[in-house]
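# Summary of the model geometry
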Amino acid sequence: MTSQLFTEADVGDFFDQTTATYLSFWDSEGVLHTGYFADDADDDYREAAERTSDLLAGEARIDSSSDVLDVGCGCGNFLIHLARRFGCRGEGLDLSSERIKVAQQNLAAENRRHRLEFRHGSATQMPQESGRFSHVVSQDALFLVPDKARSHAEIHRVLAGGGIFAFSDFLQPKQEISERARKHVYDRVRWNGGYSLVGYQAALESAGFEILVARNLESHIRQTYRVLGKTARERADTTPDAAARDWMLAFSQSCEEIQIAIDDGEFGWGVFVARKR
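Here's what I pulled together on the structure shown here. (Residues numbered from 1 in each chain as written. Predicted model: local features only at pLDDT ≥ 70, side-chain atom pairs only at ≥ 80, totals over all residues. Heavy atoms only, no water.)

Time to look at the pairing of strand E4 (residues 133–139). For a regular strand, the rule is simple: side chains alternate between the two faces of the sheet. The element E4 is largely enclosed, with a buried count of six among its seven residues. As paired strands, strand E1 (residues 67–71) and E4 are joined by three bridges and run parallel to one another. Bridging across to E4, Asp70 finds its partner in Val137. Here E4 pairs with strand E5 (residues 159–171) via six bridges, running parallel. Pairing of Ser138 across the sheet is with Phe167, part of E5. The parallel pair E4 and E5, bridged by helix H5 (residues 148–158), forms a crossover whose chirality is right-handed. (Buried < 20%, exposed > 50% of the residue type's maximum accessible area, 1.4 Å probe, protein only. Helix = DSSP H or I, 4+ residues; strand = E, 2+ residues; numbered from the N terminus. Pairing = 2+ DSSP bridges. Right-handed = clockwise from strand over helix to strand, strands pointing away.)

Take a look at the structure:
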């Protein structure tokens with residue numbers, strides 16, 4: 001892992017400041033997670049993103065009896081998806097107060113009542129009580145936590161005995177990162193650095209987890225950014241709003257740079273399932 005550059009405050013401020021722009025220019029529902037694609041020709045990002053959610057839910061064996069904590073819940077879409085599909089109860093936690101507001105709005109807009117709550121807070125100092133949850137889940141969020149060991153300890157604390165921790169996250173496959181990747185992948189989202197697939201497993205084991213699944217899904221993250229970059233270019237060609245067009249073109253260029261980083265082994269993606277020992 002790299003030396004720490006960004007603090008939790010930096011991360012929270014970044015997402016607070018960018019949420020409104022992102023929702024207005026790109027995705028009004030706040031769904032942007034890595035997709036699990038059917039094959040190389042698949043370019044249906046929405047379906048692929050939903051497939052990722054279903055993959056995690058299936059690996060975790062979430063059902064109507066589950067009590068789920070989504071760490072880094074963003075705008076709440078994953079947890080609401082789980083409640084719709086399984087009828088589980090749960091809480092969402094996020095460092096961005098702006099994204100929590102959107103999550104609460106999304107929950108209020110549901111046409112049926114869910115047993116869900118969204119709270120602003122840190123993964124390194126969770127307000128939830130010890131031993132509360134049967135499952136902790138997360139999608140592409142924990143990589144941003146500067147003190148990863150402390151977040152793992154907190155997740156372990158809030159899980160019941162034998163509870164399941166199922167998540168996807170971005171990986172740093174090799175220790176040395178080029179300046180190009182640092183600029184376009186890491187610093188862009190206030191990311192200090194992360195684990196390799198093997199390093200992540202070691203960190204989880206040190207925190208008291210038994211590894212059940214650890215899967216490298218690098219091809220899917222590359223396809224995610226290929227499809228998103230193509231979509232951004234197409235939208236830029238048709239939008240009359242100059243600010244939106246500039247944002248989309250910049251995002252498309254970022255997607256190109258991210259694909260280069262993936263090809264150079266500087267950025268990856270994995271899915272993990274672990275049990276509290």
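So that's the structure; there's more coming.
Let us look at unusual backbone geometry. A positive phi is found at Arg61, a non-glycine position, where the angle reads about 60 degrees. Relative to the helices and strands, Arg61 is located in the loop between helix H2 (45–60) and E1. For Asp140, which is not glycine, the phi torsion reads 50 degrees and is therefore positive. With respect to the secondary-structure elements, Asp140 resides in the loop between E4 and H5.

In the structure shown here, the tally under the stated rule is 16 aromatic pairs. Ring geometry for Phe143 against Trp191: centres 4.8 Å apart, planes inclined by 80 degrees, an arrangement best described as edge-to-face. Highlighted residues: Phe143 in the loop between E4 and H5 and Trp191 in the loop between helix H6 (179–186) and helix H7 (197–206), separated in sequence by 48 residues. Accessibility assignment for this pair places Phe143 and Trp191 in one class, buried. Ring geometry for Phe165 and Phe167: centres 4.3 Å apart, planes at 20 degrees, overall stacked. By the burial criterion, Phe165 is buried, and Phe167 matches it. (Phe/Tyr/Trp six-rings, centres within 6.5 Å; stacked < 30°, edge-to-face > 60°.)

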